[in-house]
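# Coordinate analysis (summary)
So you can see what is in the structure, the chains are spelled out below.
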Amino acid sequence: MSNTKTIKSALISVYYKDNLEPIIKKLHSLNVKLYSTGGTLSFIAKLGIPVTAVDTVTSYPEIFGGRVKTLHPAIFGGILNRRDNETDKKEKALHNIPDIDLVIVDLYPFEETVTAKASEQDTIEKIDIGGISLIRAAAKNFNDVVIISSRNDYAELLALLETKNGNSDITDRKHFAAKAFATSSHYDSAIFNYFNTTENIPQFKQSVQKAQVLRYGENPHQQGIFYGDLDGMFTKLAGKELSYNNLLDVDAAVALIGDFTEPTFAILKHNNACGVASRPTIHQAYLDALAGDPVSAFGGILIANKKINIATATEVNKLFCEVVIAPAYDDDALAMLKSKPNRIILIQNKVELSKRSFRTLLNGVIEQDKDLKTETEADLKPATTKTPTATEINDLLFANKLVKHTKSNTIVFAKNGQLLASGTGQTSRVDALKQAIVKAQSFGFDLHGAVMASDAFFPFPDCVEIAHNAGITAVIQPGGSIKDKESIAYCDAHGLSMVMTGVRHFKH
């Protein structure tokens, strides 16, 4: 079998016709016989280039509103016949089946139709049958056939036609076949996931076509790749490429800031907030967020939920930080932030994020709903005789948002819409509490009148006792311990207020 094959005939039937014209003209210049259907047939004819309708090959018209066009042995035989197989040669001659050496086919825009929230009928009509069958057939017979399954590969095909004068070798054909199977498997996964929103069949199928190779993974000796559309998520205005660790922090930052509507600034390090504040202005919010832990803020990720102005940018510029994220920037603020060339500056675009999360685990994958529960005042159930003041309620809700986005076990202290300190990722709740107290005191915060949030219940009353001795006056926690009454009794005896939410916010 010859490694090199010459393209003498091509079947072209595509939904997207942009950038197709140069390929058509190049194929014509190489004396390649063209077959086509429907709109693509008209497109080629309008270029003044000879083209044969598929129905003249099949002697069968398009039927059912175009649902059946190419599904015919004369077409699939032309693709699937093995050029070096004597039996195939005889059958091909017997049935007068022409060879098809190149297939250019894309698929109906199913995912785009789902995203546009079209009706079920319109969505189902965008499930491609003929196209996916042609792609799989041509890819299977890569020994003889070149398959182009996406407009993203048009430039690569054109370069091949020009540099090799219409020839291809087995490496070329296998390369395009691999891409074709990636296209078909992705398409089928999207269709399955659409149906599975209601059927809930317990199978894990995820497919992401866009990928970005990272400098390295979590550490320099590890390789890393991000699968997803970063350009859709962010508009990058300046700086180097995001690293693996940057992306982890950015993900945590986006999730956290999404729980706030009032002007809020957050600073994160290793996926945890080290400074957060909500204020009437984003400038003051940044200053108070930074005051929460100016040491950890060094090299951190900064995120704001309002436009960054020059006053804020001037302060930010004094800090070494890896990434700054905001919905917008004033021109002079952007110029100021760009003065540090490696600093990554991003605009966060409005993108609908998945409500599910997953990670690899052991020899499989574990998947769950994201923790999208954000408590409001209506969710607070007073557990103690004393009830929190209006100011304390605001702080309790503020602290509870932060505890939800902090690694367990965690304790968060807040006061007047500012994160004072947190204990993060500890193996005991008491250790997390003690860590938070030490941290708050190290930065000169007075905990008297502050509130405490816990991501899970208190197994013993020791936490409320330690917090009370530090100055805490109000507590928010899920509740659910068999010893809740002991914690409540301590609070009642010492004038603390406690509210329960009934919702645990573990984060591991």
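Rules used throughout
Residues numbered from 1 in each chain as written. Predicted model: local features only at pLDDT ≥ 70, side-chain atom pairs only at ≥ 80, totals over all residues. Heavy atoms only, no water. Pairing = 2+ DSSP bridges. Helix = DSSP H or I, 4+ residues; strand = E, 2+ residues; numbered from the N terminus. Patch = residues over 30% accessible without salt bridge, like charges linked within 9 Å, V, L, I, M, F, W, Y side chains within 5 Å. Areas by Shrake-Rupley, 256 points an atom, 1.4 Å probe, with all protein chains shown as cover. Salt bridge = Lys/Arg side-chain N within 4 Å of Asp/Glu carboxyl O. Buried < 20%, exposed > 50% of the residue type's maximum accessible area, 1.4 Å probe, protein only. Contact = heavy atoms within 4.5 Å. Core = buried A, V, L, I, M, F, W, Y, C linked by side-chain atoms within 4.5 Å. 1 Å grid on protein atoms, 1.4 Å probe; cavity = no way out; pocket = protein on both sides within 12 Å on 5 of 7 lines; lining within 4 Å. Points joined across faces, edges and corners; volume = space filled by probe spheres on them. Nonpolar A, V, L, I, M, F, W, Y, C, P; charged D, E, K, R; others polar.

## So, the sheet that holds strand 6 (residues 146–148)
Read across the open sheet, the 5 strands follow the order 4-3-2-5-6; overall the sheet is parallel. For this open sheet the edge positions go to strand 4 (52–53) and strand 6, each flanked by a neighbour on one side alone. Pairing of strand 2 (residues 9–13) with strand 3 (residues 33–36), which is carried by 4 bridges, proceeds in the parallel orientation. Within strand 3, the position partnered with Ile12 by the bridge is Ser36.

## Here's the deal with a nonpolar patch on the surface
Together, Val208, Val213, Ile225 and Tyr227 make up an exposed nonpolar region whose accessible area comes to about 400 Å². Following the sequence through the fold, Val208 ends up in the loop between helix 10 (170–199) and strand 8 (211–213). Judged by its relative accessible area of 43%, Val208 falls in the partly exposed class.

## With respect to the pairing of strand 13 (residues 300–304)
In terms of burial, strand 13 is a largely internal element, 5 of the 5 residues being buried. Residues Gly300, Leu302 and Ala304 line one face of strand 13 and the alternating positions Ile301 and Ile303 line the opposite face, and both faces are buried. Pairing of strand 11 (residues 264–269) with strand 13, which is carried by 4 bridges, proceeds in the antiparallel orientation. What sits directly across from Ala266, in strand 13, is Ile303. Relative to strand 14 (residues 321–326), strand 13 runs parallel, the two being bridged by 4 bridges. Bridging across to strand 14, Ile301 finds its partner in Val323.

## Here we look at the environment of Ile325
Mapped onto the elements of the fold, Ile325 is located in strand 14. On the basis of relative accessible area, Ile325 is assigned to the buried category, the value being 0%. Linking Ile325 and Lys306, residues 19 residues apart in sequence, is a C-alpha distance of 9.8 Å. In this structure, Ile325 is in contact with Phe234, Val250, Ile301, Leu302, Ile303, Ala304, Leu346 and Gln348, ignoring residues within four places of it in sequence.

## Some points on the nonpolar core
Counting residues in hydrophobic clusters, the biggest one holds 48 residues, and the most contacted among them are Leu27, Ile79 and Ile104. Leaving out residues up to four positions away in the same chain, Leu27 has contacts with Ala10, Ile12, Val32, Leu34, Leu102, Ile104 and Leu161. Ranked by size, the runner-up nonpolar core spans 39 residues in total, among them Val254, Leu380, Leu397 and Ala399.

## Some details on the layout of surface pockets
Considering only enclosed or pocket space, the second largest pocket measures out at about 490 Å³ in volume. Contributing to the lining of the second largest pocket are 26 residues, with Gly66, Arg67, Lys69, Tyr108 and Asp128 lying nearest its centre. Only helix 2 (38–46), helix 7 (120–125) and helix 8 (130–140) provide two or more residues apiece to the lining of the second largest pocket. A per-class count over the lining of the second largest pocket returns 10 nonpolar, 10 polar and 6 charged.

Treat this as a map of the structure, not an account of what it does.
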